[in-house]
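# Structure at a glance
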Amino acid sequence: MTANEAAAKIKSCISPTAICKISFQYQQYEEFFFPVAISDDLFLSVSEKDFRLDGFTVRQIADVTSAEQIKGTYLKIHQAEGNIARLSAPPINIKSWRHVFNSILASGEVVSIEGYAPNSVSRFFIVGKVLAVGEQGVRFRTFDGSGEWADRPMTVPFANIFSMTFGSSYITTYCKYVKPYPEITNATPIQSRR
């Protein structure tokens, strides 16, 4: 499937509302989404899992290997469960990854980022907060499996990211048990003038 074909199929699921079953080049399984916005390179969707809406995700159109519109009984169940009425598009600018992360920085959301480690085929999955956004990447502070915030932030190049998610049950539940967010302080405090 070409990027143009994928974009057309995703766009067809925004209006009228339909579920989009999508496969990506970086995984072996399909995922289900309610697309709510699309740009030239990215699309924003509500994730669907077992007839539940599970947060928002931004993905790259170029990574889509197949996309299929799903209606019929599956969509009718979502309507009966009230999920269609709950669909919304958050105020996230999806023109580029830089725009996406600037929107997230302004919101203060805790997000997960998935991608490839620089100069590697190894994948990464990190959860945390955006601290700053540059031209080529995002400065990010993670927390680990024990709920501890990393001592130092990391920089993630946009070129290595294939997914960003927020508002999922995984993230919102985990955040209840994470230690309070520590403020980053400068090593040398600014002296006041007298």
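This text gives an overview of the structure that appears in the document. Predicted model only: the values in this text are computed from it and were never measured. (Residues numbered from 1 in each chain as written. Predicted model: local features only at pLDDT ≥ 70, side-chain atom pairs only at ≥ 80, totals over all residues. Heavy atoms only, no water.)

## Some thoughts on the nonpolar core
Formed by 28 residues in total, the largest nonpolar core has its most connected members in Trp97, Phe101, Ile113 and Met164. Secondary-structure elements contributing two or more residues to this core are strand E2 (30-38), strand E3 (42-49), strand E4 (52-60), helix H4 (97-107), strand E6 (110-116), strand E7 (123-133), strand E8 (137-142) and strand E10 (161-166). For this core, the leading source of residues is H4, giving four residues. Excluding residues within four positions of it along the chain, Trp97 makes contact with Leu42, Val58, Gln60, Phe158, Ile161, Phe162, Ser163 and Met164. In terms of nonpolar packing, the next biggest core, distinct from the first, is built from 15 residues, Cys13, Phe33, Ile61 and Val64 among them. (Core = buried A, V, L, I, M, F, W, Y, C linked by side-chain atoms within 4.5 Å. Buried < 20%, exposed > 50% of the residue type's maximum accessible area, 1.4 Å probe, protein only. Helix = DSSP H or I, 4+ residues; strand = E, 2+ residues; numbered from the N terminus. Contact = heavy atoms within 4.5 Å.)

## Here's the deal with the pairing of E10
Burial within E10 is extensive, with six of its six residues counted as buried. Note that E6 and E10 share five bridges and pair antiparallel. Bridged to Gly115 within E10 is Ile161. (Pairing = 2+ DSSP bridges.)

Purely geometric numbers; function is a separate question.
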